[in-house]
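A closer look at the structure
Listed here are the chains, written in short residue letters.
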Amino acid sequence: MENKTVQLLDDKGINRAIIRIAHEITEKNKGAQDIILVGIKTRGVPLAKRLAEKINSIEGFLVPVEVLDITLYRDDLEIKSQEPIVQDIQFVNNIDGKTVILVDDVLYTGRTVRAALDAIIDIGRPSKIQLAVLVDRGHRELPIRADYVGKNVPTSKHEIVKVSLTEVDDDNSVVIENK
């Protein structure tokens, strides 16, 4: 099989998707007052910050953004030779009674989201938890569905969806590659 790369989204495409998701979030939640965005490390964090900026430009209200590192909650990681350092997950903002919107770059099997849900429930009791992803590529192993999707992309398991964001990778693009 030849190594082939296809661009799904460029800088403008990513920006349009974020603008659309920001509008959908404010519409579905009747504003932004009780929302807290939680970016899943690594690329979910800059996406959450971009969403917060767009929501601020729409609603005139800066939605808080929290960072969630769910590495220790993942059940599909191989056992490492060294134990990871356990870091306490602490949010600046209280999530009790709020609408928490988990933000990630790619939704695939659903295991990362399940781990994030476990972590959120350990932190507090939000009134609702919603999910926003830049790309939904299918192949779910768990009954998890995103509330907000930038782009749905049917993929094979032999393909990799690679999201690059300037905050992390010095580029804004989404490509699909053969493994």
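Residues numbered from 1 in each chain as written. Predicted model: local features only at pLDDT ≥ 70, side-chain atom pairs only at ≥ 80, totals over all residues. Heavy atoms only, no water.

Description of the overall build of the protein
- When helices and strands are counted, the protein shows four helices and eight strands.
- Tracing the protein from N to C terminus, the helices and strands come up as β-α-β-α-β-β-α-β-β-β-α-β.
- A total of 179 residues make up the protein; the buried ones form 44% of that total.
- For the protein, the computed accessible surface area is about 10,100 Å², with 46% contributed by carbon and sulfur atoms. (Helix = DSSP H or I, 4+ residues; strand = E, 2+ residues; numbered from the N terminus. Buried < 20%, exposed > 50% of the residue type's maximum accessible area, 1.4 Å probe, protein only. Areas by Shrake-Rupley, 256 points an atom, 1.4 Å probe, with all protein chains shown as cover.)

So, the pattern of salt bridges
- Scanning all chains against the criterion turns up nine salt bridges.
- A salt bridge links Asp-147 to Lys-28; the nearest nitrogen and oxygen atoms lie 3.2 Å apart. Taken together, the residues Asp-147 in the loop between strand 5 (128–136) and strand 6 (148–152) and Lys-28 in helix 1 (residues 11–28) connect sequence positions 119 residues apart.
- Among the residues examined, Asp-147 registers a relative accessible area of 26% and is labelled partly exposed.
- For Glu-167, the salt bridge identified is with Arg-50, shortest N-O distance 2.7 Å. Linking Glu-167 in helix 4 (residues 166–169) with Arg-50 in helix 2 (residues 44–59), this pair joins segments that are 117 residues apart in sequence.
- By relative accessible area, Arg-50 is classed as buried at 14%. (Salt bridge = Lys/Arg side-chain N within 4 Å of Asp/Glu carboxyl O.)

Brief notes about helix 2
- Its 16 residues place the ends of helix 2 22 Å apart at the C-alpha level, agreeing with the 22 Å of an ideal helix rising 1.5 Å per residue.
- Those residues of helix 2 lying buried are Gly-44, Val-45, Pro-46, Leu-47, Ala-48, Arg-50, Leu-51, Ala-52 and Ile-55.
- The inward-facing, buried residues of helix 2 abut helix 1, strand 2 (35–40), strand 3 (65–68), strand 4 (99–107), strand 5 and helix 4.
- Positive backbone phi, at 70°, marks Gly-60, one or two positions downstream of helix 2. (Expected span 1.5 Å × (residues − 1). Contact = heavy atoms within 4.5 Å.)

Considerations on the environment of Glu-177
- Note that Glu-177 resides in strand 8 (residues 173–178).
- Each C-alpha atom of the pair Glu-177 and His-158 lies 8.5 Å from the other, and the pair is 19 residues apart in sequence.
- Not counting residues up to four positions away in its chain, the partners in contact with Glu-177 are Lys-4, Thr-5, His-158, Glu-159, Ile-160 and Lys-162.

Remarks on the nonpolar core
- Residues Ile-25, Leu-37, Leu-51, Val-103, Leu-134 and Val-174 are the most contacted members of the largest nonpolar core, which totals 29 residues.
- When contributions to this core are tallied by element, the ones reaching two or more residues are helix 1, strand 2, helix 2, strand 4, strand 5, strand 7 (159–164) and strand 8.
- In terms of residue count, helix 1 provides more of this core than any other element does, six residues in total.
- Once you skip the residues sitting within four places of it in the chain, Leu-37 turns out to touch Ala-48, Leu-51, Ala-52, Ile-55, Val-63, Pro-64, Val-65, Glu-66, Ile-101 and Val-103.
- Ile-36, Phe-91, Leu-107 and Ala-115 belong to the second-largest nonpolar core, a separate cluster that totals 20 residues. (Core = buried A, V, L, I, M, F, W, Y, C linked by side-chain atoms within 4.5 Å.)

Some details on the sheet that holds strand 1 (residues 5–9)
- Reading across from one edge, 1-8-7 is the order of the three strands in this open sheet, with antiparallel pairing throughout. Where the open sheet ends on each side, the last strands, each with one partner, are strand 1 and strand 7. Neighbour to neighbour, the strand axes of the sheet diverge by 25° on average, direction disregarded.
- One ladder, built from six bridges, connects strand 7 with strand 8; its direction is antiparallel. Within strand 8, the position partnered with Glu-159 by the bridge is Asn-178. (Pairing = 2+ DSSP bridges. Axes fitted to C-alpha atoms, helices over the stretch in contact; angles between N-to-C directions.)

Section: the UniProt feature "short sequence motif: PRPP-binding" (unreviewed entry) in the protein
- Those places that UniProt annotates as "short sequence motif: PRPP-binding" (unreviewed entry) correspond, in this numbering, to residues 100–112.
- This span, residues 100–112, is 15% helix and 62% strand, and a straight line between its end C-alpha atoms measures 16 Å. (UniProt positions renumbered as here; feature names shortened; annotations may be inferred.)

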